[in-house]
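# A look at the structure
This is what each chain is made of:
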Amino acid sequence: MPTEITTEFKIISFLIAFLMLVCGIICIVRHFRKNKQKTLSSHYRRSSVFVGIYLILWGIALILAVFSENAKVVIMTYILAADILSMATSVLQVIYVKKCTEKISAKFCYSDRIPGKNIRNFVRPVFSYRYNGQQYQVQSVQIVPSKKLKNLQYKSECEIYINPDDPTTNIYIPRVTAFTIETFVIEIILLASIFLVLKV
């Protein structure tokens, strides 16, 4: 791997950093614009702010890495930041399963496909339900394989699990999915590989 940074490499790195900063700002702005949208759980909105701040820091870190004049540092900074973000997503999925303990009846509304995961068809379903006299129509915080929902039609009755302390947070599968485990293991392996490369 080359250690000196060419002009073309700098330009590409700055463009990526700029995109990270823009995406981070968009995530934060969308959080405040959608703050009153009932289909988004409070956990999901807070996560949007977290991702926004992380992307901004990621962009800044990449810019600083470019000034190090070492191509290896720049590439490793980019990969490491992406790896940590993916691991954080997996950890959040585990937390949601631990907190969503109360089973209730709900109606399936629709599901949104997850960008970047079209090959394996992962979605976030939206359910409507009533809890403690309050009506909710909220998107699940859990990433679910679409095949798990193949028997559900619009307004089909089903069972979901909610967080009793925050009824806007719900999951469909009451356990950590294989996708979450696979993702976490892959990211751990990638993280270990990064540290090995940095030592070379």
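Residues numbered from 1 in each chain as written. Predicted model: local features only at pLDDT ≥ 70, side-chain atom pairs only at ≥ 80, totals over all residues. Heavy atoms only, no water.

### Concerning empty space enclosed by the protein
- Considering all chains together, one arrives at one cavity of 30 Å³ or more under this definition.
- In this structure, the largest cavity occupies an estimated 30 Å³ of space.
- Along its surface, the largest cavity is lined by Gln93, Val94, Val97, Gln142, Arg175, Val176, Thr177 and Thr180.
- It is helix 3 (residues 71-99) that contributes the most residues to the lining of the largest cavity, three residues altogether. (1 Å grid on protein atoms, 1.4 Å probe; cavity = no way out; pocket = protein on both sides within 12 Å on 5 of 7 lines; lining within 4 Å. Points joined across faces, edges and corners; volume = space filled by probe spheres on them. Helix = DSSP H or I, 4+ residues; strand = E, 2+ residues; numbered from the N terminus.)

### Brief notes about the confidence of the model for the chain
- For the chain, per-residue confidence averages 79 on the pLDDT scale, and 83% of positions sit at 70 or higher.
- The least confident element of the chain, judged by mean pLDDT, is helix 4 (residues 178-199) at 76; the most confident is strand 5 (residues 157-163) at 94. (pLDDT = per-residue confidence, 0-100.)

### Remarks on the side chain of asparagine 163
- With respect to the helices and strands, the residue asparagine 163 is situated in strand 5.
- Relative accessible area serves as the criterion here: at 5%, asparagine 163 is assigned to the buried category. (Buried < 20%, exposed > 50% of the residue type's maximum accessible area, 1.4 Å probe, protein only.)

### Some words on a positive patch on the surface
- Taken together, the side chains of Lys147, Lys148, Lys150 and Arg175 define a basic patch exposed on the protein surface.
- Structurally, lysine 148 is set in the loop between strand 4 (144-145) and strand 5. (Patch = residues over 30% accessible without salt bridge, like charges linked within 9 Å, V, L, I, M, F, W, Y side chains within 5 Å. Areas by Shrake-Rupley, 256 points an atom, 1.4 Å probe, with all protein chains shown as cover. Salt bridge = Lys/Arg side-chain N within 4 Å of Asp/Glu carboxyl O. Lys, Arg positive; Asp, Glu negative; His and termini not counted. Charge placed at Lys NZ, Arg CZ, Asp CG, Glu CD.)

### Comments concerning the pairing of strand 2 (residues 122-131)
- For strand 2, a buried count of nine out of ten residues is recorded, marking the element as mostly surrounded by other parts of the structure.
- Pairing of strand 2 with strand 4 involves two bridges; the strand directions are antiparallel. Of the residues in strand 4, the one forming a bridge with phenylalanine 122 is proline 145.
- Across six bridges, strand 2 lies against strand 3 (residues 134-139) in antiparallel orientation. By the bridge assignment, arginine 130 is partnered in strand 3 with glutamine 135.
- Between strand 2 and strand 3, which pair antiparallel in sequence order, lie two residues; one of them, asparagine 132, sits at a positive phi of approximately 50°. (Pairing = 2+ DSSP bridges.)

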